Structures are given as C-alpha cells and as structure tokens.
Amino acid sequence: MSSISWSVGCDFSCFTSSAAFWNAAWGEGGRGVPPCCLGASRSELVLMSAEGCTITVRLVRSFQHRNFRPLVFHGVPLEQTVREFMAFVRQDVSSRSGLPPPFKNYKYDTMKIIHQAHKSKTGELVVSLEDDDKLILKEDSTLKAAGVENETELAFFCEEDYRNYRANPVSAW
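Our subject in this report is the structure included herewith. (Residues numbered from 1 in each chain as written. Predicted model: local features only at pLDDT ≥ 70, side-chain atom pairs only at ≥ 80, totals over all residues. Heavy atoms only, no water.)

### Structural notes on the sheet that holds strand β4 (residues 152–157)
Part 1 of the argument: On the basis of which strands lie adjacent, the open sheet formed by four strands has the order β2-β1-β4-β3 and mixed pairing. The open sheet has two edge strands, β2 (67–77) and β3 (110–115), and neither has a second partner. Geometrically, the sheet is characterised by an average inter-axis angle of 30° between neighbouring strands, direction not taken into account.
Part 2 of the argument: Relative to β4, strand β1 (residues 52–62) runs parallel, the two being bridged by five bridges. Looking across to β4, one finds that Leu59 is bridged to Phe156.
Part 3 of the argument: Running over the sheet, helix α4 (residues 82–95) touches β1, β2, β3 and β4 and is turned about 120° from β2. (Pairing = 2+ DSSP bridges. Helix = DSSP H or I, 4+ residues; strand = E, 2+ residues; numbered from the N terminus. Axes fitted to C-alpha atoms, helices over the stretch in contact; angles between N-to-C directions. Contact = heavy atoms within 4.5 Å.)

### Thoughts on the nonpolar core
General note: in soluble globular proteins, nonpolar side chains tend to be found buried as a group.
Part 1 of the argument: Within the largest apolar cluster, 26 residues are counted, with the highest numbers of intra-cluster contacts made by Val57, Leu59, Phe85, Val89, Met111 and Leu137.
Part 2 of the argument: When residues of this core are traced back to their parent elements, those giving at least two are β1, β2, α4, β3 and β4.
Part 3 of the argument: No other element matches the five residues that α4 contributes to this core.
Part 4 of the argument: In contact with Val89, other than residues within four places in its own chain, are Val57, Leu59, Phe73, Met111 and Phe156.
Part 5 of the argument: Judged by nonpolar contacts, the second largest core, of ten residues, contains Phe63, Val127, Ala155 and Tyr162. (Core = buried A, V, L, I, M, F, W, Y, C linked by side-chain atoms within 4.5 Å. Buried < 20%, exposed > 50% of the residue type's maximum accessible area, 1.4 Å probe, protein only.)

Spelled out as structure tokens, the structure:
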C-alpha cells in the first residue's frame, strides 16, 4: 500500500475496501483517524472528541454600536457550570493581551447561545433578540444541560444593556 500512514505502524490493513477507508476517515461520523491507529473503537473516538469542546465566546461591549470581539476557547469541559465558565472567561479576558481596556473592564454577567454547529444562523449581527427563555444560560446549570455543545458560539454581555437594547433595538450606525 501507500508509504503514507496516519500513525506509526498503520498499514491500513483494517480496511477491506476504499469505501470502508473513506467512511472511517471522513464519512458517517468519522473523525479523520482510523480506529486502528489510536487503538480505539469508533464509539470511543466520538466520546474522546466530545470531552473537550471548542467554544467561541463573543464579548459584546455595545449592542447599538455592534461592538464585539470573539474569543475561542479549546478543550472546554461541558460538565462545569455556567457560573464557573463565566468566571473563567472573565479571568481570561482581564489577563488577555491584545484586548482593548474597554473589553477587559466591562461588567459581563449573562451568556446566551448565538449559534450551534450545523444549525441555522440568525440574521442579527450581534445577538438574536428572540427565545431568551431557551437561549440565555442559567448560571446553576451545566454547560451541557444548557444546550452547549462542540463549536457553539455564545454571547457574553451585560444583561442591563441587553434589556435596554431589546426595548429599543436601534443601531447607532
């Protein structure tokens, strides 16, 4: 076979056809690595990828001026509570270089789901003004129970500013 291998010692002998190779690597829930290379079954591969998720947090400084900055967090455990994750993000924001001081010193207190992977997006540029009861995360629930999954995008903002913008959704520009 080919001299290219995904892992030391892999000779692709676990595949009986090119269709089996394609399905394990890219199709039908494949993760890009055949099970033989990791010594794990397909179900174990899916579980390993779900343990540490990638979450994008959009820091919303101003709704009416559409002033926000996205931050990407890798390896986020979904078993932590929303309160713990918000504290982690606040601490990260305050110590992160490259963010302007207005973003570092802002009073973020609420998270809302903006978008989840492979689902439709809203037409709003900053955050959707609908379905607050379902999409605003409760601080006492875990991220997983709140509906957060891999590649979810969250907005992190001041609830008072959001309520004011929701009452009068006018953009400044």
